[in-house]
Amino acid sequence: MKTYKNFIGGKWVSSPSKKTFHSLDPAIEKSIGKFQDSSELDIELAVKEAEKAFLSWSETPAPKRAEILFKIRDLLKENKESLARLEVKEMGKVYKEALGDVQEAIDIFEYMAGEGRRLFGFTTPSELKNKFCATIRRSLGIVSLITPWNFPIAIPSWKLAPALICGNTIIFKPSSDTPLCAIELIKILNQAGIPKGVVNLVTGFGSSIGTSLINHQKIRAISFTGSVETGKFITKNAGLKKISLELGGKNAIIVMEDANLELALEGVLWGAFGTTGQRCTATSRVIIHAKVATKFENMLVNATKKLKLGSGLLKTTDIGPLINKKAVEKSDYYTNLGLKEGAKLLTGGKPLSSKGFFYQPTIFTNVKPEMRIAQEEIFGPVLSIIKIKNIDEAIEICNNIKQGLSSSIYTENMRYAFKAINKIEAGITYINSSTIGAEIHLPFGGVKETGSGREAGIEGINEFSETKTIYIDYSGKLQKAQGG
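Residues numbered from 1 in each chain as written. Predicted model: local features only at pLDDT ≥ 70, side-chain atom pairs only at ≥ 80, totals over all residues. Heavy atoms only, no water.

Topic: empty space enclosed by the protein
Phase 1 of the analysis: In total, this model carries three cavities of 30 Å³ or more according to the counting rule given.
Phase 2 of the analysis: Here the largest cavity is characterised by a volume of approximately 80 Å³.
Phase 3 of the analysis: In terms of lining residues, the largest cavity is bounded by 14 residues, among which G277, R279, A282, S284 and F379 are the most central.
Phase 4 of the analysis: Here the lining of the largest cavity is composed, by residue class, of six nonpolar, six polar and two charged.
Phase 5 of the analysis: Together, 14 residues line the second largest cavity, and R285, C398, I401, S406 and E425 are the ones closest to its centre.
Phase 6 of the analysis: Of all elements in the fold, only strand 12 (251–255), strand 17 (403–404) and strand 18 (406–410) reach the threshold of two or more residues within the lining of the second largest cavity.
Phase 7 of the analysis: Residues that form the lining of the second largest cavity fall into these classes: six nonpolar, five polar and three charged. (1 Å grid on protein atoms, 1.4 Å probe; cavity = no way out; pocket = protein on both sides within 12 Å on 5 of 7 lines; lining within 4 Å. Points joined across faces, edges and corners; volume = space filled by probe spheres on them. Nonpolar A, V, L, I, M, F, W, Y, C, P; charged D, E, K, R; others polar. Helix = DSSP H or I, 4+ residues; strand = E, 2+ residues; numbered from the N terminus.)

Written out as structure tokens, the structure reads:
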């Protein structure tokens, strides 16, 4: 059994804790390696190396930093298939989806490398004569990146690429469920020529090193994707740092009476059961007009029963395993809760007895908006169907949750579509498409308990840089703004 190390100061090193943990293949419940169970000492070492590397890296011209990001893009392309296979093995998603995950990483490094020739500030007229006003972008310093397991190549890349092009140095802690994907990604960054100390990888558990990553005085910013509970803990304990939080959602697809039901069916299947429901943008609610509800339910159940569970490496597989045993238990808990709440189970609702963390795609109908299965994020293949009578009721129910990440409406009615765009409380709204499928050149994030900040697109640059305002007075005398 191979033991993998942390990457600190450009070297692969063991943790002073001398402890390790295993990462499991969720399809067969077999360990794929041992990894460093790091301690606060590892964070201190990583911070020291990041601090030493910051001045040189931040003073490297952004177009030169971009050259390295372009090399990372090229190496990701060269290793796309092997990285996707690793992702299937460690995370469990279907191979085609894993290829898409790596493609997102390729795209974000390419996009952010392009920003190396921009990193725009702006100029604006002064209210005074002979005075020039402008803004420039500055690096933040050392940033902490804490990433989840469900997109183990893409989400780290969404954070690494903008952080690097903006000239920051990095402490990167991946999920303890997918550390090997992170290690292979860091190998690519190292091969591309990232200077030592600029990116430091520390594996382990949030319970051991999370607090150090959050409240360390020399870490200037935190970017976290994960649970609402952890996001609240970060907000409470981080102090005066720049914080970006993406904390999930309880996303809905609205299906109106005039919708193309075949198209809506594809969107619901993909949104609810793609990645086994383990996406922050996964569809967990279908809010459907009563006139078409019965017909659509029959279509959906028939299509769902044809989905095949198995290893993501098999071409016949539609749905892979959940990430671990706790995820299976959570999906099963909510299935039983839904039955107790009075919802009607249409299909699924059981874990598979075979080896691996598999759970049947599960659909409930007769769900009331206030039921917990319609309110709480499950992060598994469990879908609730809620019937409505009109667009206003649909939007009201869509909004009646604590989070607000993604949303969707299927309709041919322009009035319905624009009502959804303007009234739904979410960071993303799709028209006639599923709740998943974000593109890297557009902002990603949500409202309410989904968190704060936006990543990807130009907003990724905003998150990982700070704005400095410049005034140049060439009048030769003291001029006072606002006439003061």
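Once you've had a look at it, read on.
Here's the deal with the sheet that holds strand 6 (residues 131–139)
Phase 1 of the analysis: Pairing in this open sheet of three strands is antiparallel, and the strands run 5-6-22 from one edge to the other. Edge positions in the sheet fall to strand 5 (123–125) and strand 22 (465–473), since each of these pairs with one other strand and no more. Neighbour-to-neighbour, the strand axes of this sheet turn through a mean angle of 25°, independent of strand direction.
Phase 2 of the analysis: Here strand 6 runs beside strand 22; their pairing, made up of nine bridges, is antiparallel. Bridging from a neighbouring strand, K131 pairs with D473 of strand 22. (Pairing = 2+ DSSP bridges. Axes fitted to C-alpha atoms, helices over the stretch in contact; angles between N-to-C directions.)

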